[in-house]
Every structure is written in structure tokens, then in C-alpha cells.
Amino acid sequence: MKELRQVGRSVTKVDSLSLASGKAKFTDDLLQGDELYCLLLESPHAHAEILSLDASEAEALPGVVAVFHGGNVPRVLYTSAGQGNPEPSPYDMVLFDNRVRFVGDRVALVAAETEEIAREACAKIRVEYRELPANFRPERARDPQTPRLHGDQAFMPIEELPYRPEENVASEVLLTIGDPDGAFEESDFVEEHSYSVQYASHAALEPHTSHARLDPMGRLVIHTSTQVPFHARRITAKLLEIPVATVRVIKPRIGGGFGGKQEVLLEPLVGLVTWKTRRPARLTLSRKEVFTSARTRHPMKVRLKTGFLKDGTIKALEMENLMTSGAYGPHAMTVLTVSAWKCLPLYNKVENLRFTGHTVYTNTPVGGAYRGYGATQSHFATNQQLDIIARTCGKDVLELAKSLHIKEGETSPVFEALGEGKGGVTQTITSCKLSECIDRGAEALGWYEKRDKKLRQGSWVRGVGMAICMQGTGLPRVDLGAATMKMNEGGSFNLLMGATDLGTGSDTILAQIAAEVLGISVEDIVVTSSDTDTTPFDVGAYASSTTYVSGGAVKRCAETVKEQICEVAAEMMEVPREELIFAPGGEIRHPGSDKKVSFAEVAQYTLYGGTLQQIGATGSFSGEVSPPPFTAQFADISVDCDTGKIKVHHLVTAIDCGQPINPTLAEGQVEGAVLNAMGYALYEEYRFNKKGGVTNASFWDYKVPGPMDAPKITTILVDSYEETGPYGAKSVSEVPMNGPAPAIANALYDAAGVRLYHLPFTPEKVLEALKKEQRGRAS
Amino acid sequence: MKGSFIVNGLPREWEFPEDMRLLDLLRREGYTEVKCGCREGMCGSCCVLLEEKLVNSCQVLAASAMNREIRTVMGLSEGEEPHPLETAFAEAGAVQCGFCTPGMILAAYCLLKENPDPSEEEIRRGLDGNYCRCTGYVKIIEAVQRGARKMREKEVQE
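As the structure is a computational prediction, the values presented were derived from the model and not from experiment.

**What to know about the overall build of chain A**
And step 1. The secondary structure content of chain A amounts to 19 helices and 29 strands.
And step 2. For a compact globule of 779 residues, the expected C-alpha radius of gyration is about 28 Å, and chain A comes in at 27 Å, within 12% of that figure.
And step 3. Its C-alpha atoms give chain A principal-axis dimensions of about 95 × 70 × 50 Å.
And step 4. Sorting the 779 residues of chain A into buried and exposed places 61% on the buried side.

Okay, here's the thing in C-alpha cells:
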């Protein structure tokens, strides 16, 4: 393998100093002060029909410019999911409906000269509701007597996908391989447990925000905090019934996304206001609104049944997932699919399996994309089951995991069976260092010194647990990334990419890939990303795709540019191009004659007096496969038997993400995901009142881990090389979200002999389980 | 109402409503390095130094900051040269989305002023009140240690 100079180096993130010094601009930092202040009126009811809406008093208020609602905005069905076109999510929403389906649903939008006037106007909108029976329980959603949320006009834009609004079924995934029923019969043991995971907020520190204005040519320009600028452009144009060419979407710096901003929420609204009033407009969600009316992690109930032999061989696996979509169905099909597709192939030696998945509508907040995207939900169950199997068989769980997991050269029928609406893609694993991850992680944690030791200190008892996980890397033959490069005078380059840097560092690592191809440094490349007018198409930052898909595009693009440079250099030196070599630092040499030209000379020659051409190219890439990254994740915890409180000492992640393009940034992705996952495991959850309203929609009441809560976090990037990825890279950002919760669950069992199946592990739940266990032992 | 402020060493005179928060006034006047994450006094993104004390500017009435010295992260650096903490955050990989970073750096600055060589535990305590959702705080703590070293070295040189 060629020696790498730029890839594999922890280059300082290109935007980090400008961010640290406060100079970099986020969406709201670009406000000009002349924007109309927009405010949403939200539903106080979980389910109601709007009998009438009278905005006349609000409109009459001085300073109110417009009020939009179901009575004056065209009903265009769409999904807010920022996915490919057509989206594999049901078209079950309109901008403003005559029915509200959850507390926080949109009723109207006020645009006013000031915030104070907008608030006053919102209070003056008279809405007459007829309350409808609401359902908050997913297990009741399909009962015939349960109220239906949709069904009038809602439809699935990809016809072959199951969608039955008449049953509150937003999606269904069914898969059977082999003969699970027969195999359960033949098993020595059958374990069946029901697990559940809860609602959670992405809690990106920058709330959702967008603003719009008309440019001098009358085009609609939207600055927005989005992961999907191109989908935002398309969906906004569609809802406003204007050509895509009329809309420009720009993503400035963005304060985190984690999936929450893969949703087109505010762009159509500010677009609507500006398009109709011809005035600039802004809309920023409050933290409360981010919790209640933006998107969440889909809660899921996972029933997992495994049949296995005394030696730990799993004969049959049956997983039944019931996913809560909430009131609408963005990502209803894809998150459900991923809960099988990015989990079950890990156990590819299981010949008999059945997956039954349903996503159902309930009158609760709306689920969406969230780091881990369904895989998090399923891995929570499979990893506890793995621990149960190991203990039942008296096996070392690490050795059992190593024997069970998918290996290089192997495949899984699940890959072929499931996909994003078009069926799956057959793929063979070309890189998997999971066994090594297990060994390295165990060593870093001190696994064998702590496992089964139940070390006590006062009322605290210590335990360790492990989880193995996989994810994907982009969506094969679905996700597209593109990049454009051009050479400038002086020999520098512009790199223009649709790819969306969410703080992940993609601007940096993609520049590293281009720099590697051309033998230059990142400083020689000026990066521009995420502007639908100036950068080429990219589906956006989701599905763990950017490094692989956008990176693949950048590599192709840079390679074409390199070819062009080579051709010009050959002409300049009057030597055959095949004999040229690229030396580091932007120099082309002809070893036979000692002739050489620099990139600066090539640029001069092409732009002035020589070939008279712009050196430049556009490269596109879409994966043929989705090589999974793998993690082995470990938790070292203590539990206080008097209070039920869990203290996490150490979380270790050993990850196979292929060749990390930038190790420091790759570690950062893991560390952030791990702490987010710890919060999810221990305390992050939505609480509801009886009417379906969220009662903890604030950072005061919804706990996000702070610096004092963070345990020691260790990340090990295991040597790996994925041959289909740019310079051997796979994805990194999502997979580490999956393991901490089950690893903590397994550690809790190791410490205290209690198994908790329902997240989060609050002290109340842990204490109750401990008491139950003590009572069980006493009797 | 009308009031005078000293922001990053420069005198300012502004008209503002009496119930306006310092956060909103600063942002209105172009100090966009002060970020708004929650408006609830919890996340620390809007931290500024008020008379060299760290405050959440979303919880401070602008009127109460009149005639007082306010510093944002922009006021830490001298001229074009970035502050050692800013460089340290960049070098350590402690800046992901960067939304929390200006507030985080001010919190670190306050800590290091009191305690130039803090332990890891002291750093965590010093940053408590500033959320970061991207980094897991690992590289932020490294950055504060690195920044502390840089500041101590600078002190010695001067």
C-alpha cells in the first residue's frame, strides 16, 4: 500500500480556530435585523379537529404582517423526512392541517415586525377545537377501536412499501429466513424477553433555525441549520409550488445535528412567509419547541426470542419490533428496517430467523432520524440476550461473541432481503476486525480482573459488561455525493462539496482526501460546502455516509484533476505523461530528464498563454455496498444497592471504522456518541402528562450529561482497511451510539444480578429491581 | 431605555427595552460569538464575563450590566493573535460543531485565572454548567490542560 501523507493524520479541523474564537457564523449569526419574527401557534391537544380558526383579530394588530394557517395555505401532502426523492416515508402531513395529532402540532404561523407583537398575535388567534379520542400507547395502535390518525389522503410515495393508515400502521417489515419454529423446537434453551427504549431528544445545542430573504433577482435564499440542504431546497420548492431553481439553500456553520436536522421543518415556513410577503423572515425554535415539536428518537419495544444449544450456538432468533412513530411518519419505514438490517447480520451464523416489525401512529411527538437510527434500539436487546446466553451456557461472553459475529468473507441473507424501499444489496464483508476490538477493549477495561468479581465498597457493588455492534456506511445505490474542484493561480484549489459538515469535521477530512490524491496539504485547498447554488449535489449528512460516499466523490474528482494536471505538465516539459511522477508539495517531476514543474507553473500555463483552460472536474460517488463499521463497547460501573444509583466509571470503545482519515476527529465522533448513549442509558427520557403533553421539555428537567457526569471514556481505533472505501475508510459516527446502553445493562447484571429491560436505568427502576431480587432470594 | 456598557474594552452606548436580556442585546449589537442554546440558564452557550465573573447572559438583564465591563470570547485575544486557549481547543480536537466553544473557553479562562494548573477533576468542576453534546468532554478537558500549559509558559516568557 502506498504511504499516506495526509490521510491518517490528525490535521487540525479547518474551521476550528474560527469557531473557537467566535468568528465563524452560524445561521442566526447572519441575521440582518430586518427579518419578520415568525412564531408558531401549537396545538394544546393531543388529537383534535379544528372546527374554525379566526385570525382576524391577530391580523388587525399593528405590526402583524401575515398569519398562515390551514385556511390560506395550499394543502400539499409531504413528509418532513430529508431523504431521497421520492422519500421512503409516508406523505402524511401538510404545512397546516385542519386536524392536530399531538400536543405541539402546528396550527398557525404568525409573521410580525417584532417578537412581542408575534406573541401577542398568537394569543389572539381564536381556534375552535373538537377534541378527538387520543391514543398514547403503541401496543394499542392497531386495535380496531383505537382512533385512526391518518387515512383521508395520506399515502406512501413508493407504492410497493407497506402502508396501512386504516390500521395506524405507518410501516411494516416482515422477514423469515429458514425455519425458526422448527429450530426453537430443536434448541436446548429458549430465552424470550421484552425490551423497550424510550423517546429522547438530540439536544443539539443550537436549536433548529432558518431565515429567508429574496435576493435582488427575486430568488428565495434560505440560510438554515440543516443536515440536508438539497432535500430542504426540493421540499421547500414543492410546498411553495415554485421551481427548484428559484430556491437557494445555504448551510452555514451548524451547532450539531445528530439526525434531528435531517428533517425539513422550518425552511418551508420561512420560505412561505418571505415568498408571500416579499419580506425577510426568521424562525428559531425555543428549546421547549425543539423537545416537543421537532423530532425525537423513535421509542421501540423489542421482543427477542433466541433458541440456542448448550455450547452457545444460536439456532433460531425471532425479533418483533414495535416502533412508535408518533403523530407522523418521517423515517417510519427506514428506522424500522435498519433495526433489523444494521443489527441482525452481526449474527449471521443464525440460520433461522424471523423479523416482524411495525411502525405505528400514536398521538405523541414525532420520531425521526437519530444517531444509531433503529440499530441502537435493536442492539440494546441483542446484546443483553448475548450476555444471557453466555451465562446460561457458562461461557465467556467475549469468546462467545467472537465465535458468533460475522467475519471477513462472509455475508448475511439479511443484507439482500432488506433495504430502503428497493430491496437490499448482496454484500460480502470485506473488513471486520471485531474480534480484535473485543480483545483490545477488554484489555483496556481490565475485563478479566473485574468480571464476576462483584467488588464491594460500602453499599456500592461493581460490575462490567460488554456489547458488540455494527451499523452501515451509507445507503448502497441510494446515497449520492458529488464534489467539484478547480485549480487556482498559485496552484491552490477550491473544493466545492454538497456534503454537510455538522461539526463532524467532514470539510476537513474531505480536504485531506483531495490533498492525499494531489500530494499537497490541506492548507492548499479552500473548502466550500453546502450551498445549493454553488456546490454540487449531495444527499446530505446522514446514514453514516459522508466519509465514504462524499469522500468517494472527492477522491474521484481529485483523481480527474490530477490527470488533467499531468497532461498539461507533460506538454510543458515535452515528455510522455506516463513518465511523470507527482512529488509531495505540488510538483510534477520527470525523473528521466530532471525536468520539473510546480502546480503554480501549471496553473499559470493553463490560465495565461499556454493551454488556456480551467483545470477542474466534478466527481460523483454512490456506494455499491454499505460496509459495516463494528464496535466492541465495554462498561465498568458501580451500583449503589441502597439508592439504585448507577455510577459509570469507564466506557471503552474499540472500533473498526476502516482507515480513519483523521484519527483525532474519528475519536471525537466516538467520544460524543458514547456520552450521548450514556445519557440515554441512565436518564434521558420524555415524560408525559395524561393529556399527552411533554412535562420535561427543558434542560432543567431533561438531563443532558455535563462535564461532571462524564465518565472516563477510552477510544481505540483498531487497524483496519476497507477496500471499497476512500483510502480504506468506513463510517464512524453512528455505531458507537449503540453499545453503551446494553453494556451498562450487562454490567448492572454482573454487579448486582438484576437485569433491566427498559431504558433508562433510573435509580427508581434499579432500586425496584434490586428489592425484587432480594425478595426473590429471601423466599 | 439607554445605557452605557464596556464591551471587550470599548465603551458602548445602546438603546434597549428595559426587560431585554444581556444575551439579546449583545447579539443585536453584533456580538454573535455569544450563542443562544436554551435561554434557560442551563447550557452555558451564552456565557460572558461580567466584571470578570462567568455569567449566563440569558439570565442577566441588560439593564443590570450597565456601566460594567463585559467580555466575550472575542475579548480574550490580543489583536489578531488567538488566545492560547483558543489555539489549544483547536489543536486538541475539542471543537466539533463549535457552538458551545466560546462559552466553554470563557469558563476555562475563569478557572485558569483562579487555578493555573488544575487537576482533571477541577477542570470538570470548572466547566460544570457548560454543555457540549458533540465531544463527550474528553478533548475539551485535554484542551484545557493544553491551554493551561500554554498560558503558564506565556506567563514565564513575559
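Moving on from the model shown.
**What to know about the domain arrangement of chain B**
Residues and elements named next belong to chain B.
And step 1. What the domain assignment lists for chain B is domain 1 (2-75) and domain 2 (84-157).
And step 2. Each of domain 1 and domain 2 was reduced to a C-alpha centroid, and the two centroids are 21 Å apart.
And step 3. The partner domain 2 presents 11 residues to the 14 residues of domain 1 that form the contact.
And step 4. When residues in the side of domain 1 that touches domain 2 are grouped by element, the largest group, three residues, is from strand 3 (residues 47-50).
And step 5. Looking at the side of domain 1 that touches domain 2 residue by residue, the classes come out as eight nonpolar, four polar and two charged.

**So, the sheet that holds strand 20 (residues 481-487) of chain A**
Residue and element names in this part refer to chain A.
And step 1. The mixed open sheet is built from four strands, whose spatial order is 22-21-20-26. This sheet does not close on itself; its edge strands, each paired only once, are strand 22 (525-529) and strand 26 (616-621). Direction aside, the axes of adjacent strands within the sheet are offset by 15 degrees on average.
And step 2. Note: strand 20 against strand 26, six bridges, orientation antiparallel. Bridge assignment links Ala 482 to a residue of strand 26, and that residue is Ser 620.
And step 3. Strands strand 20, strand 21 (493-497) and strand 22 of the sheet are contacted by helix 14 (residues 506-518), whose axis makes an angle of about 135 degrees with strand 22.
And step 4. Those strands touched by helix 15 (residues 546-573) are strand 20, strand 21 and strand 26, and its axis lies near 150 degrees from that of strand 26.

**Considering the interface of chain B and chain A**
And step 1. Between chain B and chain A, the contact holds 40 residues from the first and 43 residues from the second.
And step 2. Elements supplying a minimum of two residues to the side of chain B that touches chain A: helix 2 (84-92), helix 3 (101-114), helix 4 (120-127) and helix 5 (138-157) of chain B.
And step 3. Among the elements that take part in the side of chain B that touches chain A, helix 2 of chain B stands out by supplying four residues, more than any other.
And step 4. A class-by-class count of the residues in the side of chain B that touches chain A yields 19 nonpolar, 11 polar and 10 charged.

**Regarding the packing of helix 3 of chain B against helix 5 of chain B**
Residues and elements named next belong to chain B.
And step 1. Where helix 3 contacts helix 5, the two axes come as close as 11 Å, and the packing angle between them is 50 degrees. The angle between helix 3 and helix 5 falls in the class oblique. Helix 3 and helix 5 meet at a crossing whose hand is right-handed. Contacts between helix 3 and helix 5 involve Met 104, Ala 108 and Leu 112 from the former and Ile 140, Val 144, Gly 147, Ala 148 and Met 151 from the latter.
And step 2. Of the residues contributing to the contact of helix 3 with helix 5, the split by class is seven nonpolar, one polar and no charged.

**What to know about the packing of helix 9 (residues 375-393) of chain A against helix 18 (residues 740-752) of chain A**
Residue and element names in this part refer to chain A.
And step 1. Packing of helix 9 against helix 18 brings their axes to within 8 Å, and their N-to-C directions diverge by 30 degrees. Between helix 9 and helix 18, the angle is such that the two are roughly parallel. In the packing of helix 9 onto helix 18, the handedness of the crossing is right-handed. Contact residues: helix 9 offers His 379, Phe 380, Asn 383, Gln 384 and Asp 387, while helix 18 offers Ala 741, Pro 742, Ala 745, Asn 746 and Tyr 749.

**A closer look at the confidence of the model for chain B**
And step 1. Looking at chain B as a whole, the pLDDT averages 97, with 100% of positions reaching at least 70.
And step 2. In the model output, the complex is listed with pTM 0.98 alongside ipTM 0.98.

**Thoughts on the pairing of strand 5 (residues 106-112) of chain A**
Residue and element names in this part refer to chain A.
And step 1. Most of strand 5 sits out of view: seven of its seven residues are buried.
And step 2. Summarising the sheet, strand 3 (residues 64-69) and strand 5 pair through five bridges and their orientation is antiparallel. Of the residues in strand 5, the one forming a bridge with Ala 66 is Ala 111.

**Looking at the nonpolar core**
All names here are of chain A.
And step 1. With 311 residues, the main nonpolar core has Cys 38, Val 110, Leu 495, Ala 514, Ile 744 and Leu 748 as its most contacted residues.
And step 2. Examining the composition of this core, we find that 11 residues originate from one element, helix 17 (residues 663-682), more than from any other.
And step 3. Those residues in contact with Ile 744, other than ones at most four positions away along the chain, are Gly 465, Ala 635, Ile 637, Ile 646, Val 648, Ala 681 and Phe 761.

**Details of helix 4 of chain B**
Residue and element names in this part refer to chain B.
And step 1. For helix 4, the full list of buried residues reads Ile 123, Gly 126 and Leu 127. With its buried residues spanning 90 degrees around the axis, helix 4 presents them on a single face.
And step 2. Buried residues along helix 4 sit in contact with helix 3 and helix 5.
And step 3. Phi for Gly 129, located one or two positions after helix 4, is positive at around 110 degrees.

**Observations regarding the sheet that holds strand 12 (residues 281-284) of chain A**
Residue and element names in this part refer to chain A.
And step 1. Ordered by their spatial adjacency, seven strands build an open sheet running 3-5-1-12-9-10-11, and the pairing between neighbours is mixed. Of all the strands in the sheet, the pair left with one neighbour each is strand 3 and strand 11 (247-250). The sheet shows a mean angle of 20 degrees between the axes of neighbouring strands, direction not considered.
And step 2. Relative to strand 5, strand 1 (residues 36-42) runs antiparallel, the two being bridged by six bridges. Bridging across to strand 5, Leu 40 finds its partner in Leu 109.
And step 3. In the packing of helix 5 (residues 229-240) onto the sheet, contacts are made with strand 10 (220-224) and strand 11, and the angle to strand 11 comes to roughly 150 degrees.
And step 4. Across the sheet, helix 6 (residues 267-277) is in contact with strand 1, strand 3, strand 5, strand 9 (209-214), strand 10, strand 11 and strand 12; its angle to strand 9 comes to roughly 25 degrees.

**Notes on the domain arrangement of chain A**
Residues and elements named next belong to chain A.
And step 1. Assigned domains of chain A: these are domain 1 (35-132 + 208-284), domain 2 (296-475 + 625-778) and domain 3 (479-621).
And step 2. Distance between the C-alpha centres of domain 1 and domain 2: 36 Å.
And step 3. Counting residues at the interface gives 20 residues for domain 1 and 23 residues for domain 2.
And step 4. In terms of residue class, the side of domain 1 that touches domain 2 is built from eight nonpolar, eight polar and four charged.

**Looking at unusual backbone geometry**
All names here are of chain A.
And step 1. Residue Pro 86 is reached from Asn 85 by a cis peptide bond, and omega for that bond is -5 degrees.
And step 2. Cis geometry is adopted by the peptide bond preceding Pro 760, which originates at Leu 759 and carries an omega value of -10 degrees.
And step 3. By secondary structure assignment, the location of Pro 760 is in the loop between helix 18 and helix 19 (763-778).
And step 4. A positive phi is found at Glu 574, a non-glycine position, where the angle reads about 55 degrees.

Rules of the game
- Residues numbered from 1 in each chain as written.
- Chains lettered and ligands numbered in written order.
- Predicted model: local features only at pLDDT ≥ 70, side-chain atom pairs only at ≥ 80, totals over all residues.
- Helix = DSSP H or I, 4+ residues; strand = E, 2+ residues; numbered from the N terminus.
- Rg over C-alpha atoms; globule rule 2.2 N^0.38 Å.
- Buried ≥ 20, exposed ≤ 12 C-beta atoms within 10 Å, placed from the backbone.
- Domains from an automatic or database assignment.
- Contact = placed C-beta atoms within 7 Å.
- Nonpolar A, V, L, I, M, F, W, Y, C, P; charged D, E, K, R; others polar.
- Pairing = 2+ DSSP bridges.
- Axes fitted to C-alpha atoms, helices over the stretch in contact; angles between N-to-C directions.
- Parallel < 35°, antiparallel > 145°, perpendicular 65-115°, else oblique.
- Left-handed = near helix turned anticlockwise from the far one by under 90°.
- pLDDT = per-residue confidence, 0-100.
- Core = buried A, V, L, I, M, F, W, Y, C linked by C-beta atoms within 7 Å.
- Arc of directions from axis to C-beta.

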